[in-house]
Amino acid sequence: MTDLIPDFIPNWIDGEEKPSIRGDVIEKKNPANGKRVCNLARSNKKDVDEAVNSAKKAQAMWAATPAVQRGMLLHKLAMEMKAKRESIAQIVAIETGKSYKEALGETDGAISLAIFYASEGQRLYAKTTTSAVPNKYAVMVRQPVGVAGLIIAANTPIANVAWKVFPAMICGNSVVLKAAEDTPATAWIVGAIASDVGIPPGVLNIVQGLGHEAGAALVANPHVGVISFTGSTPVGRTIAETAGKRLAKVSLELGGKNPLLVCDDADQDNAVKWVLLSAFSNAGQRCASASRIIVFDAIYDEFKQRLVDETQKLKIGPADGDDLGPVINQKQLSNMLEIVESAKKRGAAIVVGGNRIDGEKYKDGYYMAPTLIENVDPDDEISVTELFGPIACLYRVIDFESSIALVNHSPYGLTASIHTQNFNRAWEFSQKVQSGVAVINAGTYGSEPHMPFGGLKQSGNGTREPGTEAIDIYSELKCIYINTDPEKV
Ligand code: NAD
């Protein structure tokens, strides 16, 4: 299909490329045109167990390598990713259907994050403090958990790989990464680069395959000490159950139904710009996508019209000049169309979009028209279900107090944004909103590698990645008490 993506994507186990033991494969298609890209290994429990054993074997040596040296090796990996950024971005673009330009931005973000964590090898701070007892000292150190099982979504594949692999490895864990089945080559090329730069065999294993097969086997494996998952809330819940039974550490970065509030004093041009980016960029496949647009009654009709006008101008396709591309697969597209249809039956009004895009250019891809919907109840299925596509609902509110109530009326609590010129409103919002990230006068957007990201309620289990906060997920704190005897000096 392409020189960059081999016809078959194998696993990386113990430093070697391996097909699944049973030889089963899955076909991967390009979302922009429905054409086959490659096959990937369909791994099952046996493959996963082999990968975990390889990780287990390599872990003690990796943990014994000083963190500064681990950091130097990870820095080499980051630099080689930088040298190959254009190839990585092309792979991301082919696998996801997003534009090369967007894929390159994502790749550069992943490299920044990789550099940030490589540098953590020189820090890995913990506390040293006083003791109540004379001649006794209290010192904390960070130790690796052991084998880290990492499971990721396909929406921003290279960013998702970097978010988990780098913090897990800098802390001295060996890794088994279960790549997303829709973006196998992005994970595979990171494995290839890791091997080239000398990451020791077994430290970074990458398993391809389906969630309920390879993913579930990884979560259940008793030798996996920490599981970090980025994906949907229902799958996160089953992972928490399985891991909870064996008391494994779990970090869950889950879904969102993110509100963007437009007050009557908002700079409307700026608010329109950010609604479009927040709701429709990456075809709405962002956990942080704004899917609930809450607008003050006083400006609702005017703002809606502006939004419709600008939505109709969006360019759809996989090219650099396009605003949004396809969604990741046919199943995802069909789910969205079904939920929109059923909302219509309950009285929802489609303001714009609501359909699959047809026409010669789009007919074989998985293109959902950017969609705005109104007249839906805040408790309707479409208001409380994450659609993970370019679909947002509009809601009308009469004042600030009722807007805060509606913003927080959600099972999720990941990100939120307010548009206002009033400092007091902005501050009140940032204090009262139930979310892990609050943004003033921009989008539900723009988290940075050195800052913690994560959500409340059903958006996660309280952990935060990335930033230095992710270090808490991938390390165990040990408290060491040192008693000295000054008489023996
Ligand atoms: P998904 O939950 O279906 O799949 C995510 C990953 O989990 C895939 O690798 C899949 O193979 C695996 N998986 C599926 N079932 C499994 C099981 N039973 N056991 C173990 N692993 C399993 O999610 P998706 O549709 O691929 O991704 C979209 C979701 O990811 C959205 O809900 C989105 O909000 C979320 N997401 C969250 C963040 C965040 O940081 N909070 C970031 C990106 C995406």
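Shown above is the structure to which this text applies.
First things first, this report covers the structure right here in the doc. These numbers were taken from a predicted model, which means no experiment stands behind them.

Attention shifts here to the pattern of salt bridges. Counted according to the given criterion, the structure contains 30 salt bridges. When salt bridges that share partners are traced, they join Asp 7, Glu 27 and Arg 36 into one network.

Bringing the sheet that holds strand S22 (residues 475–483) into the picture now. Taken in spatial order, the three strands line up as S6-S7-S22 in an open sheet, and their pairing is antiparallel. Only two strands of the sheet have a single partner each, and these edge strands are strand S6 (128–129) and S22. Across nine bridges, strand S7 (residues 136–144) lies against S22 in antiparallel orientation. Within S22, the residue paired with Val 141 across the bridge is Lys 478.

Before going further, it helps to spend a moment on the site of the ligand. Lining the immediate environment of the ligand, one finds 25 residues, of which Ile 152, Glu 181, Ser 232, Leu 254 and Glu 386 sit closest. Gly 231 places a polar main-chain atom, nitrogen or oxygen, 3.4 Å from an oxygen atom of the ligand. Leu 254 places a main-chain nitrogen or oxygen 2.7 Å from a nitrogen atom of the ligand. Put simply, the parts of the chain that give the shell around the ligand at least two residues each are helix H7 (211–220), strand S11 (224–230) and helix H8 (233–245). Of the residues forming the shell around the ligand, the biggest block, three residues, is contributed by H7. Partitioned by chemical class, the residues of the shell around the ligand number 14 nonpolar, seven polar and four charged. Two domains each provide a minimum of three residues to the shell around the ligand, namely domain 1 (8–254 + 460–478) and domain 2 (258–440).

Attention shifts here to a nonpolar patch on the surface. Together, Tyr 137, Ile 480 and Ile 482 make up a nonpolar patch on the protein surface, roughly 250 Å² of accessible area in all. Mapped onto the secondary structure, Ile 482 falls in strand S22. For Ile 482, a relative accessible area of 38% translates into the label partly exposed.

Glancing now at the sheet that holds strand S20 (residues 437–440). As summarised here, the arrangement of the seven strands in space is S15-S16-S17-S14-S13-S19-S20, forming an open sheet in which the pairing is mixed. Each end of this open sheet is capped by a strand with a single partner; those strands are strand S15 (349–352) and S20. For this sheet, the mean inter-axis angle between neighbouring strands, taken without regard to orientation, is 25°. With three bridges connecting them, strand S13 (residues 258–262) and strand S19 (residues 415–419) associate as parallel partners. By the bridge assignment, Leu 261 is partnered in S19 with Ile 418. Packed onto the sheet, helix H10 (residues 300–313) meets S13, strand S14 (290–296), S15, strand S16 (371–374) and strand S17 (391–397) and runs at close to 165° relative to S17. The strands touched by helix H14 (residues 423–432) are S13, S14, S19 and S20; relative to S19, the strand with the most contacts, the crossing angle is about 165°.

Within the secondary structure layout, Gly 236 lies in helix H8. Owing to a relative accessible area of 0%, Gly 236 belongs among the buried residues under this scheme. The spacing of Gly 236 and Gly 284 is 48 residues in sequence and 20 Å in space, taken between C-alpha atoms.

Structurally, Arg 356 is set in the loop between S15 and S16. The spacing of Arg 356 and Tyr 366 is 10 residues in sequence and 7.7 Å in space, taken between C-alpha atoms. Beyond its immediate stretch of four places on either side in the chain, Arg 356 contacts Gln 330, Leu 333, Leu 337, Lys 363, Gly 365, Tyr 366 and Tyr 367. Polar contacts involving the side chain of Arg 356 include one to the side chain of Gln 330, which spans 3.3 Å.

The next subject is the state of the cysteines. Going through the model one piece at a time under the given rule, you end up with zero disulfides. This cysteine, Cys 393, is not joined by any disulfide, and Cys 287 carries the nearest cysteine sulfur, 18 Å off.

Let us now look at the pairing of strand S9 (residues 174–178). Buried residues dominate S9, accounting for five of its five residues. Here S9 shows a buried face lined by Ser 174, Val 176 and Lys 178 and a second buried face lined by Val 175 and Leu 177. In this structure, strand S8 (residues 147–151) lies alongside S9, joined through five bridges in parallel fashion. Across the sheet, residue Ala 148 finds its bridge partner in S9, namely Val 175. As paired elements, S9 and strand S10 (residues 204–207) share four bridges and run parallel to each other. Counted as the bridge partner of Val 176 is Asn 205 from S10. Assessed by its sense of winding, the connection that carries the chain from S9 through helix H6 (residues 184–197) to S10 is right-handed.

Attention shifts here to the side chain of Ser 417. Mapping Ser 417 onto the fold places it in strand S19. What makes Ser 417 buried here is its relative accessible area of 0%. Side-chain polar atoms of Ser 417 contact the backbone oxygen of Ala 442, separated by 2.7 Å. Residues within four places of Ser 417 in sequence aside, it is in contact with Pro 259, Leu 260, Leu 261, Phe 429, Val 439, Ala 442, Gly 443 and Thr 444.

Right, let's talk about the nonpolar core for a bit. Core analysis: the largest hydrophobic core is formed by 65 residues, its most contacted members being Leu 77, Phe 166, Met 169, Leu 177, Ile 199 and Tyr 474. Ignoring sequence-local partners within four residues, the contact set of Met 169 consists of Trp 62, Arg 70, Leu 74, Val 175, Ile 199, Val 203 and Leu 204.

What follows is about the pairing of S11. The buried fraction of S11 amounts to six of the seven residues, a majority that puts the element mostly inside the structure. Sheet topology note: the S8/S11 ladder contains five bridges and is parallel. The residue of S11 that forms the bridge with Ile 151 is Phe 229. Taken together, the five bridges between S11 and strand S12 (residues 249–253) define a ladder with parallel strand orientation. Looking at S12, one finds that Phe 229 is bridged to Leu 252.

Definitions and limits used
For every chain, the first residue of its written sequence is number 1, and the numbers climb from 1 along that sequence. Owing to the predicted nature of the model, reporting of local features is limited to residues with pLDDT of at least 70; listing and counting of side-chain atom pairs is limited to 80 or more, with chain, interface and lining totals taken over all residues. To get the side-chain values, all heavy atoms of the structure are used, and hydrogens and water are removed first. Between Lys or Arg on one side and Asp or Glu on the other, a salt bridge is scored when a side-chain nitrogen of the former is within 4 Å of a carboxyl oxygen of the latter. Two strands pair if DSSP finds at least two bridges between them. Numbered from the N terminus, helices here are DSSP runs of H or I no shorter than four residues, and strands are runs of E no shorter than two. Nearness is judged by heavy atoms alone; a residue qualifies as near a molecule or strand once a single heavy atom is within 4 Å of it. The definition of a polar contact used here is a pair of N or O atoms within 3.5 Å, where within protein one atom must be able to donate a hydrogen and the other to accept one, and adjacent residues in sequence count solely through side-chain atom pairs. Ten residue types, Ala, Val, Leu, Ile, Met, Phe, Trp, Tyr, Cys and Pro, are classed as nonpolar, four, Asp, Glu, Lys and Arg, as charged, and the remainder, Gly among them, as polar. Residue ranges assigned to each domain were obtained from an automatic or database domain assignment. In this analysis, a patch consists of residues with relative accessible area above 30% that form no salt bridge, clustered at 9 Å for like charges and at 5 Å for the nonpolar side chains Val, Leu, Ile, Met, Phe, Trp and Tyr. Only the protein chains shown count as covering a residue, and every accessible area follows the Shrake-Rupley method with a 1.4 Å probe. Each residue is assigned to one of three classes by its accessible area relative to the maximum for its type, calculated with a 1.4 Å probe on protein chains only: buried under 20%, partly exposed between the two thresholds, exposed over 50%. Between the N-to-C directions of two axes lies an angle of 0 to 180 degrees, each axis being a line fitted to C-alpha atoms and, for a helix, fitted only over the stretch in contact. Two residues form a contact once any of their heavy atoms are found within 4.5 Å. Note that a disulfide, as used here, is simply two cysteine sulfur atoms within 2.5 Å. Look down the strands so they point away from you; if going from the first strand over the helix to the second traces a clockwise path, that crossover is right-handed. Put simply, a nonpolar core is a bunch of buried Ala, Val, Leu, Ile, Met, Phe, Trp, Tyr and Cys residues held in one set by side-chain atoms that sit within 4.5 Å of each other.

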